[in-house]
Amino acid sequence: MTAATLTAPVAPGRRLGPAAGLRHTFTLAWRSLVQIKHNPMELLDLSIQPVMFVLLFTYVFGGAISGSPGDYLTFALPGIIVQNAFFATMTTGFGLNNDLTKGVFDRLRSLPIARWAPLAGRILADTVKQAWSVSLLVGVGVILGFRLGNGLPGLLGAFALLLAFSLAASWISVLVGVLVNEPEKVQIFGFMVIFPLTFTSNAFVPTETMPGWLQSWVEVNPVTILADALRGLLVGGPVAVPVVQSLFWAAVLAAIFAPLAVRGLKRRV
């Protein structure tokens, strides 16, 4: 990629406006998406693993937990979508660390572009990948018998909420990506944190089936709250309270981790 790909050279010391920064962000986001053509395994990770989780949980655990695979799919699909969203945020940190360790990030920042465009482009591209993954999960769920209780409005609301939460949670991944020295360590962090976080929630089993001491944590776990919000939007049930609580958690995550991630990135580059 050359400077001409992004914008014409600018005079030294000239500050770029927001419109130019947005153009650079979209260009770099497209760069990240086009890379899928050369590395299709990246998209397969966001496609095969989620579908495998839906099939395994529905047909292996569905009868034991809910009495039938169909009933369990109605309960578990929103939780599986939430778990997949958390894992998908790790791709932001993985890709960012990969660009940092290979010097790609430094080369991008040497171009006459907005300083925040490389990071914003990475996050935007991963948000598009997140939307693809959610669409795939909902589509497979519908094929297996999942029914949207609130129709298209509920589906669009669930999409918007999940992408907003994922955008906020991706700052955790960005922070990890700038702190570690190898992309693989971002994945290790994801498995060490996201697996316990999602399995100690009601994403896969009802809260009341767990020990009393664990239920206290499950009820305040952000994964539980987001899963309840998606169930309300996609299937039916309470919506307002879990949605507001999910947005609150998203704001808290962004407020804590975004400044830390930006500070860490400035030190790294």
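Residues numbered from 1 in each chain as written. Predicted model: local features only at pLDDT ≥ 70, side-chain atom pairs only at ≥ 80, totals over all residues. Heavy atoms only, no water.

(A) The side chain of asparagine 97, seen in detail. Mapped onto the secondary structure, asparagine 97 falls in helix α5 (residues 69-101). A polar side-chain atom of asparagine 97 sits 2.8 Å from the main-chain carbonyl oxygen of valine 180. Those residues within four positions of asparagine 97 in sequence are excluded, and the remaining contacts are Gly177, Val180, Asn181, Glu182, Pro183, Val186 and Arg268. (Helix = DSSP H or I, 4+ residues; strand = E, 2+ residues; numbered from the N terminus. Polar contact = N/O pair within 3.5 Å; in protein donor to acceptor, adjacent residues only side chain to side chain. Contact = heavy atoms within 4.5 Å.)

(B) Molecular detail of the packing of aromatic side chains. Applying the stated criterion to the full structure yields 11 aromatic pairs. When the ring of phenylalanine 57 is compared with that of phenylalanine 199, the centres are 6.4 Å apart and the planes differ by 35°; the resulting orientation is tilted. Of this pair, phenylalanine 57 sits in helix α4 (residues 48-66) while phenylalanine 199 sits in helix α9 (residues 183-199), placing them 142 residues apart in sequence. Owing to a relative accessible area of 40%, phenylalanine 199 belongs among the partly exposed residues under this scheme. Measuring from centroid to centroid gives 6.5 Å for tyrosine 72 and phenylalanine 75, while their planes differ by 40°, and the two rings are tilted. Of this pair, tyrosine 72 and phenylalanine 75 both sit in helix α5, separated by three residues, roughly a single helical turn. Residue tyrosine 72 is classed as buried on the basis of its relative accessible area, which comes to 0%. By the ring-pair criterion, three or more aromatic residues cluster together here, those being Phe53, Phe57, Phe61, Phe87, Phe191, Phe195, Phe199 and Phe204. Across from the ring centre of phenylalanine 75, 4.0 Å away, lies the NZ or CZ of arginine 231, which sits over that ring. (Phe/Tyr/Trp six-rings, centres within 6.5 Å; stacked < 30°, edge-to-face > 60°. Buried < 20%, exposed > 50% of the residue type's maximum accessible area, 1.4 Å probe, protein only. Lys NZ or Arg CZ within 6 Å of the ring centre and 35° of its normal.)

(C) Representation of the pattern of salt bridges within the structure. Inspection of every chain in the model, using the stated rule, returns four salt bridges. The partner of arginine 31 in a salt bridge is aspartate 99, and the shortest N-O contact between them spans 3.7 Å. Highlighted residues: arginine 31 in helix α2 (residues 18-38) and aspartate 99 in helix α5, separated in sequence by 68 residues. Here arginine 31 falls in the buried class, since its relative accessible area comes to 16%. Close ionic contact of aspartate 126 with lysine 129 constitutes a salt bridge, the shortest N to O distance being 3.5 Å. In this pair, aspartate 126 and lysine 129 both sit in helix α7 (residues 117-144), three residues apart, roughly one turn of the helix. You can call aspartate 126 buried: its relative accessible area is 6%. (Salt bridge = Lys/Arg side-chain N within 4 Å of Asp/Glu carboxyl O.)

(D) Fine view of a nonpolar patch on the surface. Taken together, the side chains of Met52, Leu56, Val60, Phe61 and Ile65 define a hydrophobic patch exposed on the protein surface, amounting to about 430 Å² of accessible area. Leucine 56 sits in the partly exposed class, given a relative accessible area of 44%. (Patch = residues over 30% accessible without salt bridge, like charges linked within 9 Å, V, L, I, M, F, W, Y side chains within 5 Å. Areas by Shrake-Rupley, 256 points an atom, 1.4 Å probe, with all protein chains shown as cover.)

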